[in-house]
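Topology and contacts: notes
Okay, here's what each chain looks like letter by letter:
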Amino acid sequence: MEENILINRVVDNQLLPNNITKDSVIELFKTTDKTIFVNEADRSLVNIDENFFFNNKRFILKNSTIAKLIEKIIKDNNYINVLNIGSATGYTSTLLSKFSNYVFSLESEKSLHEKEKKLIKDLDIKNINSVCGDLKYGLKDYEPYDLIFINGCVKKKPDILLQQLNNFGYLICIEQININIKKIVRYLKKNDFLEKKVYYSVNSPLLF
C-alpha cells in the first residue's frame, strides 16, 4: 500500500506537471518501485524530483527526465535488443525490460554493477544481462541494438555508440549544446543516414 502511494505521488507530482501524459509511460512508472534501487537510508530521497547521486560521478536521473526520455522511444511493439548505458543499480534497465525482449545493462562502477546483479536476481527478471564496462564504448559484442538508452548527458554526438545501432534503431540521450544548455536528443538510423531530433532542455549531470 505504501509503495503504491509513493508511486502515485511520483505520477501526480512529477510526471503530470511536466506534461508527461502518455498512458504507456504513466503505467510503466507504476510497475516499479524506485526506492528498492538505493540503500534504505536513501529511500526518502530517491523519489523527490531531483537527480540522485551515489557519489560525485554516478547517479540516477530524476523521474521526470527518465520519463521524458522514455516518452520519445516507447512504442506498442517490443524492442528486440536494447543497450542501457549508465544503468547504476538497474532502475531504468528494469523499466526498459518491460517493453523490450532483452536488455544489456552497462555500468562502469563495480559496486553499483554488483548491486544491480543482485537486485535483478532478487526481482527474478530474466531478460536483463548486467555488464560492467566503459560506458562510452558500449558493448560491441552484442550489437546491433534497436535501442540505445543513455542515462545522462554526453558532451558530443556519441559516434561510437551510434555505430552499434541496428538499421531503424534509435539512440536517446541528453547532449550538451553549450555550457549552460543540455537537451534531449533522439537519433534514428536509416541505412547510412542518421535522423536527429532535438527536444527540450533538461537538467542532467554529465555521464561522459
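Residues numbered from 1 in each chain as written. Predicted model: local features only at pLDDT ≥ 70, side-chain atom pairs only at ≥ 80, totals over all residues. Heavy atoms only, no water.

1. A few points about the overall build of the protein
- Within the protein, the secondary structure is distributed over six helices and nine strands.
- Relative to its length of 208 residues, the protein is compact, with a C-alpha radius of gyration of 16 Å against a globular reference of 17 Å.
- Sorting the 208 residues of the protein into buried and exposed places 52% on the buried side.
- Across the protein, the fraction of contacts at a sequence separation of at least 24, relative to all contacts at a separation of at least 6, is 57%.
- Accessible area of the protein: about 10,200 Å², with a carbon and sulfur share of 48%.
- Of the side-chain charges in the protein, 30 are positive and 26 negative, and the distance between the mean point of each set is 5 Å. (Helix = DSSP H or I, 4+ residues; strand = E, 2+ residues; numbered from the N terminus. Rg over C-alpha atoms; globule rule 2.2 N^0.38 Å. Buried < 20%, exposed > 50% of the residue type's maximum accessible area, 1.4 Å probe, protein only. Contact = heavy atoms within 4.5 Å. Areas by Shrake-Rupley, 256 points an atom, 1.4 Å probe, with all protein chains shown as cover. Lys, Arg positive; Asp, Glu negative; His and termini not counted. Charge placed at Lys NZ, Arg CZ, Asp CG, Glu CD.)

2. Side note on empty space enclosed by the protein
- According to the stated counting rule, one finds two cavities of 30 Å³ or more in the structure shown.
- Each pocket or cavity is described by its volume, and for the largest cavity that value is around 40 Å³.
- Looking at the lining of the largest cavity residue by residue, the classes come out as four nonpolar, two polar and one charged.
- Every element with two or more residues in the lining of the second largest cavity is listed here: β2 (59–60) and α4 (91–97).
- Residues belonging to the lining of the second largest cavity are distributed by class as follows: five nonpolar, four polar and no charged. (1 Å grid on protein atoms, 1.4 Å probe; cavity = no way out; pocket = protein on both sides within 12 Å on 5 of 7 lines; lining within 4 Å. Points joined across faces, edges and corners; volume = space filled by probe spheres on them. Nonpolar A, V, L, I, M, F, W, Y, C, P; charged D, E, K, R; others polar.)

3. Let's talk about the pattern of salt bridges
- With the rule as written, the count across this model stands at eleven salt bridges.
- Note that K30 and E27 form a salt bridge whose closest N and O atoms lie 3.7 Å from each other.
- Through salt bridges with shared partners, a single ionic network connects K110, E114 and K117. (Salt bridge = Lys/Arg side-chain N within 4 Å of Asp/Glu carboxyl O.)

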